[in-house]
Amino acid sequence: MIVAILYCLQFSGELSDSEVERIAGMILERPFHDLAVEEQYAGIEAALAAEAWEDDLS
């Protein structure tokens, strides 16, 4: 999920509140990979909770 979100953001001119709202709306309206919204949130939450973020943001 994080990779999908970052993929979408790479085409943004700037990271702003409106861009964050656009991505959040996209997740709600057109889920990635045919996942339910709850599954997407769970994937995002799990990825952000991973210890790797403390060492490597890539």
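Heads up: the structure comes first, above all this text.
Below you will find a few notes about this structure. Computed from a predicted structure; not experimentally measured.

## Structural notes on the overall build of the protein chain
Inference 1: The helix and strand tally for the protein chain stands at four helices and zero strands.
Inference 2: Helices (α) and strands (β) of the protein chain occur, in sequence order from the N terminus, as α-α-α-α.
Inference 3: Considered along the principal axes of its C-alpha atoms, the protein chain spans approximately 30 × 30 × 15 Å.
Inference 4: The contacts of the protein chain with a sequence gap of at least 6 include a subset with a gap of at least 24, amounting to 41%.
Inference 5: Of the roughly 4,600 Å² that the protein chain leaves accessible, carbon and sulfur atoms contribute 56%.

## Structural notes on the packing of aromatic side chains
Ring pairs (aromatic) are described by centroid distance and by the angle formed between their planes.
Inference 1: Throughout the structure, instances matching the rule amount to one aromatic pair.
Inference 2: Centre to centre, the rings of Tyr-7 and Phe-11 are 5.2 Å apart; their planes meet at 80°, and the pair counts as edge-to-face.

## A word on the side chain of Glu-19
Inference 1: Positionally, Glu-19 belongs in helix 2 (residues 17–29).
Inference 2: The residues touching Glu-19, leaving out its near neighbours within four places in the chain, are Leu-9, Ser-12 and Glu-14.

## Some thoughts on the pattern of salt bridges
Inference 1: Within the structure shown, the criterion is met by one salt bridge.
Inference 2: The salt bridge partner of Arg-22 is Glu-19, with a shortest N-O separation of 2.7 Å. Within this pair, Arg-22 and its partner Glu-19 are both found in helix 2, separated by three residues, close to a single helical turn.

What counts and how
- Residue positions within a chain follow its written sequence, with the count starting from 1.
- Given that this is a predicted model, residues contribute local features only at a pLDDT of at least 70 and side-chain atom pairs are listed and counted only at 80 or more, while totals for whole chains, interfaces and linings are drawn from all residues.
- Excluding hydrogens and water, the side-chain figures rest on all heavy atoms present in the structure.
- Helix numbers and strand numbers start at the N terminus; a helix is a DSSP run of H or I with at least 4 residues, a strand a run of E with at least 2.
- Any two residues having at least one pair of non-hydrogen atoms within 4.5 Å are treated as being in contact.
- Surface accessibility follows the Shrake-Rupley procedure with a 1.4 Å probe radius. Residue values consider only the protein chains on display as shielding.
- Pairing of aromatic rings covers Phe, Tyr and Trp, the last through its six-membered ring, and needs centres within 6.5 Å; plane angles under 30 degrees mean stacked, over 60 mean edge-to-face, and all others mean tilted.
- Salt bridge, as used here: a side-chain nitrogen of Lys or Arg that lies within 4 Å of a carboxyl oxygen of Asp or Glu.

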